[in-house]
Amino acid sequence: MVKKVTFQVVKQIICICMVIIVLVPILLTLFASLKTKSDMVLTSPLSFPIKNITFENFKKVLTDTDLIIGFKNTGIMLVISLFFNVMFGTITAFIIERFEFRGKKIVVGLFFIGMLIPTFVTEISRFKVIQGLHLYNTLGAPIIIYIASDLMQLYIYRQFISTLPVSLDEAALIDGCSYFKLFRKIIFPLLAPATATVCIIKAINIINDMYIPYLYMPKNKLRTLTTFLMDYANAQQGSWQNLAAGIIIIMIPTVIIYIFFQRYILAGVAAGAVKE
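Structure report, in brief. (Residues numbered from 1 in each chain as written. Predicted model: local features only at pLDDT ≥ 70, side-chain atom pairs only at ≥ 80, totals over all residues. Heavy atoms only, no water.)

### Overview of a nonpolar patch on the surface
Next, step 1: Among the surface-exposed residues, Ile252, Val255, Ile256, Tyr258, Ile259, Phe260 and Phe261 lie close enough to one another that they form a single nonpolar patch of about 670 Å² accessible area.
Next, step 2: Structurally, Tyr258 can be placed in helix H14 (residues 240–270).
Next, step 3: For Tyr258, a relative accessible area of 42% puts it in the partly exposed group. (Patch = residues over 30% accessible without salt bridge, like charges linked within 9 Å, V, L, I, M, F, W, Y side chains within 5 Å. Areas by Shrake-Rupley, 256 points an atom, 1.4 Å probe, with all protein chains shown as cover. Salt bridge = Lys/Arg side-chain N within 4 Å of Asp/Glu carboxyl O. Helix = DSSP H or I, 4+ residues; strand = E, 2+ residues; numbered from the N terminus. Buried < 20%, exposed > 50% of the residue type's maximum accessible area, 1.4 Å probe, protein only.)

### Focus: the nonpolar core
Next, step 1: Residues Val61 and Phe228 are the most contacted members of the largest nonpolar core, which totals 31 residues.
Next, step 2: Only helix H3 (56–62), helix H4 (65–98), helix H7 (140–148), helix H11 (192–208), helix H12 (211–216), helix H13 (225–228) and H14 provide two or more residues apiece to this core.
Next, step 3: Val61 has contacts with Leu67, Phe228, Tyr232, Asn242, Ala245, Gly246 and Ile249, leaving out every residue within four places of it along the chain.
Next, step 4: If you look at the next biggest cluster of nonpolar residues, it comprises 20 residues, including Phe94, Ile156, Leu164 and Cys177. (Core = buried A, V, L, I, M, F, W, Y, C linked by side-chain atoms within 4.5 Å. Contact = heavy atoms within 4.5 Å.)

### What to know about the packing of aromatic side chains
Next, step 1: This structure, assessed with the given rule, holds 9 aromatic pairs.
Next, step 2: Judged by centre distance (5.2 Å) and plane angle (85 degrees), the rings of Phe83 and Phe84 are edge-to-face.
Next, step 3: Note on Phe94 and Phe183: the rings are 5.5 Å apart at their centroids and 45 degrees apart in plane angle, and the pair reads as tilted. Remark: Phe183 occurs in helix H10 (residues 179–190) and Phe94 occurs in helix H4; sequence separation between them is 89 residues.
Next, step 4: Among the residues examined, Phe94 registers a relative accessible area of 5% and is labelled buried.
Next, step 5: What makes Phe183 buried here is its relative accessible area of 13%. (Phe/Tyr/Trp six-rings, centres within 6.5 Å; stacked < 30°, edge-to-face > 60°.)

### What about unusual backbone geometry?
Next, step 1: With a phi close to 60 degrees, His134 is a non-glycine residue in the positive phi region.
Next, step 2: If you trace the backbone, His134 turns up in the loop between helix H6 (123–132) and H7.
Next, step 3: Of the residues examined, His134 reaches a relative accessible area of 69% and is grouped as exposed.

### Regarding the packing of H4 against H10
Next, step 1: Taken N-terminus to C-terminus, the directions of H4 and H10 make an angle of 105 degrees; their axes are 12 Å apart at the nearest point. Viewed along their axes, H4 and H10 adopt a mutual orientation that is roughly perpendicular. Between H4 and H10, the residues in contact are Val86, Met87, Thr90, Ile91 and Phe94 and Leu182, Phe183, Ile187 and Phe188, respectively.
Next, step 2: Classifying every residue of the contact of H4 with H10 by side-chain character gives 8 nonpolar, 1 polar and no charged. (Axes fitted to C-alpha atoms, helices over the stretch in contact; angles between N-to-C directions. Parallel < 35°, antiparallel > 145°, perpendicular 65-115°, else oblique. Nonpolar A, V, L, I, M, F, W, Y, C, P; charged D, E, K, R; others polar.)

### Topic: the side chain of Asn73
Next, step 1: Mapped onto the fold, Asn73 is located in helix H4.
Next, step 2: Excluding residues that lie within four positions of it along the chain, Asn73 makes contacts with Leu139, Lys221, Leu222, Arg223 and Thr224.

### A short note on helix H1 (residues 2–33)
Next, step 1: Its 32 residues give H1 an end-to-end C-alpha distance of 46 Å, which sits within 8% of 46 Å, the value for a rise of 1.5 Å per residue.
Next, step 2: A bend of about 30 degrees at Leu23 is the largest found in H1, and the proline Pro25 appears one to four places after it.
Next, step 3: Within the span of H1, buried status applies to Thr29, Phe31, Ala32 and Ser33. (Expected span 1.5 Å × (residues − 1). Bend = angle between axes of the 7 residues up to and from the residue.)

### Quick look at the pattern of salt bridges
In a structure, side chains of opposite charge can pair up when their charged atoms sit close to one another.
Next, step 1: Counted by the stated rule, this structure contains 5 salt bridges.
Next, step 2: For Asp66, the salt bridge identified is with Arg223, shortest N-O distance 2.9 Å. With a gap of 157 residues between them, Asp66 in helix H4 and Arg223 in the loop between H12 and H13 connect regions that are remote in the sequence.
Next, step 3: Residue Asp66 is classed as buried on the basis of its relative accessible area of 19%.
Next, step 4: Of the residues examined, Arg223 reaches a relative accessible area of 12% and is grouped as buried.

So this is what it looks like as structure tokens:
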């Protein structure tokens, strides 16, 4: 009994510590976004500005024309990248799971090797490829990278398709379905939970990514939501309170997406973990 109680206490303490680790940076950012410039210097980062709460920082960020450009460019990248990730991911996973062909193990092995190699290791060669395709300083550069460099969706779709009975395919083929119609009419609609999972995870990654847009799209007119924030972190014109307000504003869509669709993430990732 003592061991059981001790274990429960330790578990609760660990959970509380994890919650604190996650929430404290968010709360510090929120406090900073509500402070004036003088309060940022004179008060502790942990203190809430009870007397001098200001919303001027949010007003400044929301009236910045670059914010609209950031939303537009991020939206374009998001929609196109998700579309092709879903299309290529579902088709490739279906072929690998349902068909036997020469060199299948090699192809699957290469996919997983691609997942294991850190992207930073291949950054120089990737940059040369983007330049060779004349995509540098265009929206096409991050879109191509988001589609090709992350194969996480292939793993999720393969796990989900492996749970679908092969007899379903056989029945459809006997009834006269072609493989294209089988995929379009039967398999793809059944992959909705996995597709929701892929879209949520990819959307959060793309919205929060600053490295790729900053490296491949330095033009002002190609700013995304994350590179838009860099103006407020500039050493000459920077403003930490405005930067904090911008972070909160840009974080809101990501938080809303996660809150409403978090159940799909676990369902999609866990699909195929247990077979009966």
